[in-house]
Amino acid sequence: MMLWRRLAVLLVSLAIGISVPIGLTETSVTGDTTVARAANTDYSGTLGTCTWQLTADGKTLTIDGGSGGILPEGGPGEGGGSKDGIIQQAIGKQLQLKGAIFDIAKLRNLETVNLTGKIKTGKSAERLFADFPSVSNQEVMLNGLENLDTSDTTNMAGMFNDTQFKSLDLSKFNTKSVTDMSDMFTNSWFLTTLDLSSFDTENVTNMARMFSTCPGIQALDLSSLNTGKVTDMSGMFLEDSSLQVLNLSSFNTENVTTMWEMFAGLSGLNQSNSLVLGDEFDTHNVTNMRQMFSGAGMPALNLEKFDTSNVTDMSSTFSGMHNLTQIDVSKLNTSKVILMDDMFSNEDNLASIKFGGKFDSSHVQSMSGMFSDTKKFPNCQIKCNTGQ
């Protein structure tokens with residue numbers, strides 16, 4: 001009877017893609033789920049046309065492409081919004097482990113991920129490596145990215161979203177065909193540096209939240225990025241609170257239409273020259289500046305060259321800028337703005353606001369809380385320049 005049970009386990013395991021050692025000490029079969037409980041036993045299976053192997057303790061995952069393997073296509077996850085990344089989903093389904101070894105099934109014990117052999121990504125690498133956080137909140141090493149061929153990939157959205165990788169060697173990444181880099185490094189909790197000098201972004205149109213919530217990064221060199229085709233930069237640096245300097249002097253934003261939350265939460269930019277915008281930082285096509293600088297640390301903003309003639313939403317644009325002492329919005333054209341809710345709200349030190357003749361509120365539908373919780377208001381000096 002025991003022999004038949006083991007044979008049944010072996011057949012079911014092969015059917016779902018798990019390699020089960022012959023020397024299992026205990027197995028159980030329930031419906032279509034096979035749970036293997038064998039001490040010091042590695043798990044293995046397939047991932048696209050690659051193979052994977054996970055150590056028994058769940059700490060080391062090796063993905064091998066052999067002479068040429070292709071990873072599964074990326075995507076938004078199950079149901080269009082799953083937290084799980086593509087690799088995590090695929091391996092988790094094969095493991096189908098329950099109970100005490102649930103963390104292994106969810107790859108929550110990982111300490112090291114190794115990519116070996118020749119590995120290729122498909123057209124989409126969306127959320128491919130997403131959601132690799134350790135249950136013990138420790139750094140995870142990702143080795144072998146130089147073995148990854150991304151030359152066919154057009155979508156890298158969320159590729160490393162919500163991970164605890166300590167570092168990423170992207171020097172061999174081929175990004176020439178990529179159009180979407182939204183959320184690519186969002187919630188990269190343990191990254192301290194990011195070298196993008198090899199990135200070719202000439203075809204990228206979406207950089208929304210690309211670097212959002214990377215609390216360990218203090219500096220970003222983005223001088224090599226070509227942003228000429230980008231239309232969406234919403235939340236691009238959202239909540240990167242450790243950034244000390246952000247130099248965007250090379251950014252061409254002539255095609256950008258939304259900058260919602262672009263610099264929101266950058267509390268570390270607390271010097272007057274912390275944010276550098278170049279001559280090609282063009283806002284003439286932008287329609288949404290909602291919360292653009294909300295919670296940022298800059299004590300001053302130079303808005304003289306900002307073209308806001310097409311902006312419709314400026315709600316909370318400057319809210320919560322606690323180091324801001326004065327602001328000159330006299331050059332802003334607000335003739336199309338319909339929302340100014342909380343625009344200057346929650347300011348601790350704002351003592352002077354200068355308005356100009358172009359600051360037109362004739363189409364505004366809501367100004368709710370425009371100056372709410374601004375501690376020096378109504379004593380705040382409001383200067384109105386109704387001339388030029």
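Values in this document were obtained by computation on a predicted structure and should not be read as measured data. (Residues numbered from 1 in each chain as written. Predicted model: local features only at pLDDT ≥ 70, side-chain atom pairs only at ≥ 80, totals over all residues. Heavy atoms only, no water.)

## Details of a negative patch on the surface
Put simply, the rule reads: The patches described consist of residues with a relative accessible area above 30% and no salt bridge, like charges being joined within 9 Å and nonpolar side chains (Val, Leu, Ile, Met, Phe, Trp, Tyr) within 5 Å. In this description, accessible areas are obtained by the Shrake-Rupley approach with a 1.4 Å probe, and a residue is regarded as covered only by the protein chains that are shown. For this analysis, a salt bridge means a side-chain nitrogen from Lys or Arg found within 4 Å of a carboxyl oxygen belonging to Asp or Glu. Only four residue types enter the charge count: Lys and Arg as positive, Asp and Glu as negative, with His and the chain ends excluded. By convention, the point assigned to a charge is CZ for Arg, NZ for Lys, CD for Glu and CG for Asp. Under the DSSP-based scheme used, a helix requires at least four consecutive residues in state H or I and a strand at least two consecutive residues in state E, with every element numbered from the N terminus.
A contiguous patch of negative charge, built from E146, D169, D195 and D221, is present on the exposed surface. By the secondary structure assignment, D195 is in the loop between β10 (148-149) and β11 (246-248).

## Re the confidence of the model for the protein chain
Low pLDDT marks regions whose predicted coordinates should not be analysed in detail. Let me state the cut-off plainly: Every residue carries a pLDDT, the predictor's confidence in it, which falls somewhere between 0 and 100. Note on contacts: a residue pair is in contact if any heavy atoms of the two residues lie within 4.5 Å.
Of all residues in the protein chain, 81% have pLDDT values of 70 or greater, and the mean over the chain is 85. Confidence scores differ between elements of the protein chain, with strand β1 (residues 26-30) showing the lowest mean pLDDT of 34 and strand β8 (residues 119-120) the highest of 98. Confidence drops under pLDDT 50 across residues 1-39; counting only partners more than four residues distant or on other chains, this segment forms 49 contacts.

## Re the sheet that holds strand β6 (residues 69-70)
Here is the rule we go by: Any two strands with at least two DSSP bridges between them are considered paired.
With parallel pairing, three strands are arranged side by side in an open sheet as β6-β8-β10. Of all the strands in the sheet, just β6 and β10 have a single pairing partner and so form its edges. In the sheet, β6 pairs with β8 via two bridges, with the strands oriented parallel. When the bridges of β8 are listed, I70 appears paired with K120.

## Side note on the sheet that holds strand β7 (residues 112-116)
Hydrogen bonding along the main chain pairs the strands of a sheet, whether they run parallel or antiparallel. The condition that has to hold: To define axes, lines are fitted to C-alpha atoms, for helices over the stretch in contact only, and angles between the resulting N-to-C directions are given on a 0 to 180 degree scale.
Taken together, the five strands give an open sheet; going across it, the order is β3-β4-β5-β7-β9, and neighbouring strands pair in mixed fashion. Strands at the two margins of the open sheet, each flanked by one partner only, are β3 (43-47) and β9 (141-143). Shown here is a sheet whose adjacent strand axes are inclined to one another by a mean of 15 degrees, direction ignored. Where β7 and β9 come together, three bridges link them in parallel fashion. When the sheet's bridge partners are listed, N114 is paired in β9 with N143.

## Some remarks on unusual backbone geometry
The phi dihedral of E239 is positive, around 60 degrees, even though this residue is not glycine. Note that E239 resides in the loop between β10 and β11. One non-glycine residue, Q291, lies in the positive phi region at around 55 degrees.

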